[in-house]
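In case you want the letters, here they are:
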Amino acid sequence: AASTALGTARDAEKSMTSDAKTTWTPMPYKNLDKNREYQREYSRRWRVAHPRTRKTVAERFWERVDKCGPLPRADAVAVYPEIAGIRCWLWLGAKDRDGYGQTSLDGKSKKAHRVSWFLEHGAWPANLGLHKCDVPGCVRVVHLLDGTARDNSTDMLEKERSARGVKHWKAKLTDAQVILVRALYTAGVSQGQLAKRYKVTQVTISSIVRHENWRHL
């Protein structure tokens, strides 16, 4: 049976014209076995003529990056002026609950911004791999910094100091409104009433009247 099958395969291969490399002819034989061998031989020749090129890690990685992300916020630029006018490159693949990109390398889960650092420098960041731009999903190397947990805390404090009051990206009130809130509270208006009037939380009003926030006023 084995020799018969081998003979059929050889006959099918001999019967194939040179066009069979690129031209598919369904069921060219009356014999079903010959048709099967023809299909196998066609597939083999097609694979030889059209070899698959495996993409590199870098090519697969950058295919999942949007290079038209937002510009860094003012508080980030105040601390790192070198990133002014340089847009974020955003990871389009999977993300963790904190917004950091997640990808796989050598069968292991890695943060996308750390892989970006590795692809650029040929080595992993020695420490955390921090974001100058404060955008967790950003993988642009010029927006990254190889820093420790202490560096991260210092970075956060610097950005808070450089963007206080209305310059802070989370600010919902103006300087004048904050001054008025404190005056109204002193006059007897409750925190709940002030929160409703200015469409903020009671916690926000409390931090203002206790001078925990907007301490520069």
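The text that follows walks through the structure, step by step, so that each part is easy to find. Since the model is a prediction, treat every value here as computed from it, not as a measurement.

**A short note on a positive patch on the surface**
Right, on to step 1. Taken together, the side chains of Arg52, Arg54, Arg60 and Arg64 make up a positively charged region of the molecular surface.
Right, on to step 2. Mapped onto the secondary structure, Arg52 falls in the loop between helix 2 (32-49) and helix 3 (57-62).

**What to know about the pairing of strand 3 (residues 102-105)**
Right, on to step 1. Along strand 3, the buried face is formed by Thr103 and Leu105; none of Gln102 and Ser104, which line the opposite face, is buried.
Right, on to step 2. Direction of pairing for strand 3 relative to strand 4 (residues 108-111): antiparallel, over a ladder of four bridges. Of the residues in strand 4, the one forming a bridge with Thr103 is Lys110.
Right, on to step 3. Linking two consecutive strands that pair antiparallel, namely strand 3 and strand 4, is a turn of two residues; a positive phi of about 55° is found at Asp106 within it.

**Observations concerning the pattern of salt bridges**
Right, on to step 1. This model, assessed by the stated rule, comprises eight salt bridges.
Right, on to step 2. A salt bridge links Arg44 to Glu41; the shortest N-O distance between them is 2.4 Å. A residue pair is termed a helical-turn pair when its members lie 3 or 4 positions apart in one helix, as Arg44 and Glu41 do in helix 2 at three residues.
Right, on to step 3. The partly exposed category is assigned to Arg44, whose relative accessible area is 36%.

**Section: unusual backbone geometry**
Right, on to step 1. Even without being glycine, Asp106 reaches a positive phi, approximately 55°.
Right, on to step 2. By the element assignment, Asp106 lies in the loop between strand 3 and strand 4.
Right, on to step 3. Asp106 sits in the exposed class, given a relative accessible area of 74%.
Right, on to step 4. Positioned with a positive phi, Lys199 is a non-glycine residue whose angle comes to about 55°.
Right, on to step 5. When you line up the elements, Lys199 lands in the loop between helix 8 (191-198) and helix 9 (202-209).
Right, on to step 6. A relative accessible area of 75% places Lys199 in the exposed class.

**Side note on the environment of Gly85**
Right, on to step 1. Looking at the secondary structure, you find Gly85 in the loop between helix 4 (74-79) and strand 2 (90-91).
Right, on to step 2. We classify Gly85 as exposed; its relative accessible area is 65%.

**Comments concerning helix 9**
Right, on to step 1. Here helix 9 has its buried residues at Ile205, Ser206, Ser207, Ile208 and Val209.
Right, on to step 2. Structurally, helix 9 contributes buried residues whose contacts are with helix 7 (175-186) and helix 8.
Right, on to step 3. Looking one or two residues beyond helix 9, the residue adopting positive phi is His211, at roughly 60°.

**Focus: the side chain of His131**
Right, on to step 1. Among the structural elements, His131 can be located in strand 5 (residues 130-131).
Right, on to step 2. Separated by 3.4 Å, the side chain of His131 and the backbone oxygen of Val135 make a polar contact.

**What about helix 5 (residues 112-121)?**
An α-helical turn contains 3.6 residues, so a residue and the one three or four places further along point in the same direction.
Right, on to step 1. Within helix 5, the full set of buried residues consists of Ala112, His113, Val115, Ser116 and Trp117.
Right, on to step 2. On its buried face, helix 5 is in contact with helix 3, strand 2, strand 3, strand 4, strand 5 and strand 6 (144-145).
Right, on to step 3. Phi turns positive one or two residues past the end of helix 5, at Gly122, with a value near 80°.

Conventions and cut-offs
- Residues numbered from 1 in each chain as written.
- Predicted model: local features only at pLDDT ≥ 70, side-chain atom pairs only at ≥ 80, totals over all residues.
- Heavy atoms only, no water.
- Patch = residues over 30% accessible without salt bridge, like charges linked within 9 Å, V, L, I, M, F, W, Y side chains within 5 Å.
- Areas by Shrake-Rupley, 256 points an atom, 1.4 Å probe, with all protein chains shown as cover.
- Salt bridge = Lys/Arg side-chain N within 4 Å of Asp/Glu carboxyl O.
- Lys, Arg positive; Asp, Glu negative; His and termini not counted.
- Charge placed at Lys NZ, Arg CZ, Asp CG, Glu CD.
- Helix = DSSP H or I, 4+ residues; strand = E, 2+ residues; numbered from the N terminus.
- Buried < 20%, exposed > 50% of the residue type's maximum accessible area, 1.4 Å probe, protein only.
- Pairing = 2+ DSSP bridges.
- Contact = heavy atoms within 4.5 Å.
- Polar contact = N/O pair within 3.5 Å; in protein donor to acceptor, adjacent residues only side chain to side chain.

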